[in-house]
Amino acid sequence: AQTVTQSQPEMSVQEAETVTLSCTYDTSESDYYLFWYKQPPSRQMILVIRQEAYKQQNATENRFSVNFQKAAKSFSLKISDSQLGDAAMYFCAYRKEYGNKLVFGAGTILRVKS
Amino acid sequence: GAVVSQHPSWVICKSGTSVKIECRSLDFQATTMFWYRQFPKQSLMLMATSNEGSKATYEQGVEKDKFLINHASLTLSTLTVTSAHPEDSSFYICSAWGSAGKETQYFGPGTRLLVL
């Protein structure tokens, strides 16, 4: 079975600084998808970024980028120029290529200091 | 696009009563809907997967008679918590997968259930 591990229960970052959230996963599949979701205090889950495993290029979405290391099974999220609105719980998630079920990590609470 | 709504957002009920939560995909057809339960500061725990027109598939440890799921149309799934007890108090989230593209689940805003 696939597992997703987020080893940082909490992280803090100063406003305008950069922070990296870690995620590792375990799978025997060669093709799959990885996601980062943000859950702010409103608790609405918001898709931040998505990465297809067959793509070597790291995904980017404005201030959010990932470092996808397939061999190491690592998928970290970098948030640049952190803003107060980035404060949330962040979940890393995995999905098989042919499937629609998500496997979530335990989450990382990100605090942004002004 | 890809909006999922949940109703109600908040519900308080007495122990022993049943509560129904609706999940709707507003602008796409959801062939599959998922129901999650989340405790404070914890991850989402998948309860069940429902496909339109067929019986839901429950995760291990989830009581199917306690949590009734119906997915009668491509835009609506319901979760009924039967004979609710205080330990059922939680945050319930639905998500939908279907014709919205982007190959991911789209999440509803969640429903807070408090059983007194």
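Report on the accompanying structure. Please read all numbers here as calculations on a predicted model, not as lab measurements. (Residues numbered from 1 in each chain as written. Chains lettered and ligands numbered in written order. Predicted model: local features only at pLDDT ≥ 70, side-chain atom pairs only at ≥ 80, totals over all residues. Heavy atoms only, no water.)

At the interface, 23 residues of chain A touch 24 residues of chain B. Summing both sides of the interface, chain A and chain B together bury roughly 1800 Å²; the carbon and sulfur share of this comes to 50%. Among the residues of chain A in contact with chain B, R43, N100 and K101 of chain A are the three that bury the most area, contributing 34% of the side total. Its salt-bridge partner being K101 of chain A, residue E59 of chain B comes within 3.0 Å of it at the nearest N-O pair. Across the chain A-chain B interface, the total number found is 10 residue pairs in polar contact (both at pLDDT 80 or more). Elements represented by at least two residues in the side of chain A that touches chain B include exactly β5 (32–39), β6 (46–52), β10 (88–96) and β12 (108–113) of chain A. In terms of residue count, β5 of chain A provides more of the side of chain A that touches chain B than any other element does, four residues in total. (Contact = heavy atoms within 4.5 Å. Buried area = accessible area lost by both parts, 1.4 Å probe. Salt bridge = Lys/Arg side-chain N within 4 Å of Asp/Glu carboxyl O. Polar contact = N/O pair within 3.5 Å; in protein donor to acceptor, adjacent residues only side chain to side chain. Helix = DSSP H or I, 4+ residues; strand = E, 2+ residues; numbered from the N terminus.)

One broad trend across soluble globular proteins is that nonpolar side chains are buried collectively. Within the largest apolar cluster, 26 residues are counted, with the highest numbers of intra-cluster contacts made by F67 and L113 of chain B. Elements that contribute at least two residues to this core include exactly β2 (10–13), β3 (19–25), β4 (30–38), β5 (44–51), β7 (67–73), β8 (76–81), β9 (90–98) and β11 (111–115) of chain B. Once residues lying within four places of it in the same chain are set aside, the contact partners of F67 of chain B are R37, M47, Y58, V62, L79, T80, V81, D88 and Y92 of chain B. Grouped together as the second largest cluster of nonpolar side chains are 25 residues, V13, V66, C92 and Y94 of chain A included. (Core = buried A, V, L, I, M, F, W, Y, C linked by side-chain atoms within 4.5 Å. Buried < 20%, exposed > 50% of the residue type's maximum accessible area, 1.4 Å probe, protein only.)

Before going further, it helps to examine the sheet that holds β3 of chain B. Residue and element names in this part refer to chain B. Within the open sheet, the four strands sit side by side as β1-β3-β8-β7. Their pairing is antiparallel. If you trace the sheet from one side to the other, it starts and ends with β1 (4–7) and β7, each paired once. Adjacent strand axes in the sheet meet at a mean angle of 15 degrees, parallel and antiparallel pairs treated alike. When β1 meets β3, the two strands line up antiparallel, connected through four bridges. Note on β3: the bridge partner recorded for S5 is R24. (Pairing = 2+ DSSP bridges. Axes fitted to C-alpha atoms, helices over the stretch in contact; angles between N-to-C directions.)

Here we come to the packing of aromatic side chains. Tallied over the full model, the rule gives 15 aromatic pairs over all chains. Ring centres of F104 of chain A and Y36 of chain B lie 5.9 Å apart, and the angle between their planes is 80 degrees; this geometry places the pair in the edge-to-face category. Taken together, the positions of F104 of chain A in strand β11 (residues 103–104) and Y36 of chain B in strand β4 put the pair across two chains. Accessibility classification places F104 of chain A together with Y36 of chain B in one group, the buried group. Judged by centre distance (5.8 Å) and plane angle (40 degrees), the rings of Y36 of chain B and F107 of chain B are tilted. With Y36 of chain B in strand β4 and F107 of chain B in strand β10 (residues 106–107), this residue pair connects regions lying 71 residues apart in the sequence. Of the two residues, Y36 of chain B and F107 of chain B, neither departs from the other in class, the shared state being buried. (Phe/Tyr/Trp six-rings, centres within 6.5 Å; stacked < 30°, edge-to-face > 60°.)

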